[in-house]
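# Structure at a glance
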Amino acid sequence: MFFEAACHVCSCVKLPPQGKFTLGSYYVFEYLIDAEKVIDDSGNGIVVSEKRFKLYFENHGKAVTSYSPMSMDCTIYSIYLMIQDTIPALEEIKAYAKIMNKNYLQAKKALKQRNLLISGNAYDIMEVLKKLNTFQVRYEIEPPYPYKEREMQETGLFKR
């Protein structure tokens, strides 16, 4: 699900002494009393006085953009491949081999009842789910992954 949002946009014309910025890159900022808060390349909010803001940034006004709640999700998710029987099925071995970049024999030897495939942010998990959904295997995600297939399709990263 995407939302439309209007935000103030500026570009970096001179590197400020604090924060991590790239010359010519665009940044979102918000007005404060006698200052602006600019979000740098690391996602940190850097507060600069109005005078310094005009020295280091060019204000481009408001921009309308869309964003996904996934971009603000800081949760670390884990995907586990669940093996149905004591001996892994061919599909389970193939899925594990594909995700973990192992060959067939390495994958078969490594498989247990519950196998950690990846821990990562919402986008990392979505990428692995895209690969996993090409196999007929059972998996679990902890904590529960709140993004539905439709939302993943809207990002362009998930296709059936």
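Residues numbered from 1 in each chain as written. Predicted model: local features only at pLDDT ≥ 70, side-chain atom pairs only at ≥ 80, totals over all residues. Heavy atoms only, no water.

### Quick word on the overall build of the protein chain
Check the secondary structure of the protein chain and you find 5 helices and 8 strands. Taken from the N to the C terminus, the helices and strands of the protein chain come in the order β-β-β-β-α-β-β-α-α-β-α-β-α. Looking at the protein chain residue by residue over its 160 residues, the buried ones come to 34%. Once local pairs closer than 6 in sequence are excluded, the contacts in the protein chain between residues at least 24 apart make up 60%. Only carbon and sulfur atoms are counted for the fraction: they give 53% of the accessible area of the protein chain, which is about 10200 Å². (Helix = DSSP H or I, 4+ residues; strand = E, 2+ residues; numbered from the N terminus. Buried < 20%, exposed > 50% of the residue type's maximum accessible area, 1.4 Å probe, protein only. Contact = heavy atoms within 4.5 Å. Areas by Shrake-Rupley, 256 points an atom, 1.4 Å probe, with all protein chains shown as cover.)

### A closer look at the side chain of Glu92
One can find Glu92 in helix H2 (residues 90-100). Put simply, Glu92 is tucked away with no salt bridge, and the nearest opposite charge, on Arg138, sits 7.3 Å away. If we ignore the near neighbours within four places in the chain, the residues touching Glu92 are Leu81, Met82, Ile83, Gln84, Leu111 and Val137. (Lys, Arg positive; Asp, Glu negative; His and termini not counted. Salt bridge = Lys/Arg side-chain N within 4 Å of Asp/Glu carboxyl O.)

### Observations regarding the packing of aromatic side chains
All chains considered together, the criterion is met by 8 aromatic pairs. Between the aromatic rings of Tyr27 and Phe57, the centroid separation amounts to 6.5 Å while the plane-to-plane angle is 80 degrees, which identifies the pairing as edge-to-face. Here Phe57 lies in strand E5 (residues 57-67) and Tyr27 lies in strand E2 (residues 26-32), a separation of 30 residues in the sequence. The same class applies to Tyr27 and to Phe57, which are both buried. Summarising the aromatic geometry, the rings of Phe29 and Tyr31 are spaced 5.3 Å apart at their centres and angled 80 degrees between planes, so their arrangement reads as edge-to-face. Judged by its relative accessible area of 3%, Phe29 is buried. (Phe/Tyr/Trp six-rings, centres within 6.5 Å; stacked < 30°, edge-to-face > 60°.)

### Looking at the sheet that holds strand E6 (residues 77-82)
Spatially, the 3 strands line up as an open sheet ordered E7-E6-E8, and their pairing is antiparallel. The sheet terminates laterally at strand E7 (114-120) and strand E8 (138-142), the two strands that pair on one side only. Along the sheet, successive strands turn relative to each other by an average axial angle of 25 degrees, direction set aside. When E6 meets E7, the two strands line up antiparallel, connected through 6 bridges. (Pairing = 2+ DSSP bridges. Axes fitted to C-alpha atoms, helices over the stretch in contact; angles between N-to-C directions.)

### Remarks on the pairing of strand E3 (residues 35-39)
As a general feature of sheets, a regular strand has side chains that alternate between the two faces. In terms of strand pairing, E2 meets E3 through 4 bridges, oriented antiparallel. Residue Leu32 lies in a different strand from E3, and its bridge partner there is Ala35. Counting the residues between successive antiparallel strands, the hairpin from E2 to E3 contains 2 residues, one of them, Asp34, with a positive phi of roughly 60 degrees. Pairing analysis gives 5 bridges linking E3 to strand E4 (residues 45-49), with the strands arranged antiparallel. In the sheet register, Lys37 faces E4, and the bridge partner there is Val47.

### Topic: the confidence of the model for the protein chain
The share of residues in the protein chain with pLDDT of 70 or more is 86%, and the mean pLDDT across the chain is 85. Taken together, the stretch residues 153-160 has pLDDT below 50 and engages in 18 contacts with residues farther than four places along the chain or on a different chain. (pLDDT = per-residue confidence, 0-100.)

### Quick look at a nonpolar patch on the surface
A cluster of nonpolar residues, Leu90, Tyr104 and Leu105, forms a patch on the protein surface that exposes about 330 Å² of accessible area. Mapping Leu105 onto the fold places it in helix H3 (residues 104-110). Of the residues examined, Leu105 reaches a relative accessible area of 65% and is grouped as exposed. (Patch = residues over 30% accessible without salt bridge, like charges linked within 9 Å, V, L, I, M, F, W, Y side chains within 5 Å.)

### What about helix H4 (residues 122-132)?
Listed in full, the buried residues belonging to H4 are Ala122, Ile125, Met126, Val128, Leu129 and Leu132. Mapping the buried residues of H4 onto a view down its axis gives an arc of 165 degrees, with all of them on the same face. One side-chain oxygen at the N-terminal end of H4 lies 3.0 Å from the backbone nitrogen of Tyr123; it belongs to Asn121. (Arc of directions from axis to C-beta. Polar contact = N/O pair within 3.5 Å; in protein donor to acceptor, adjacent residues only side chain to side chain.)

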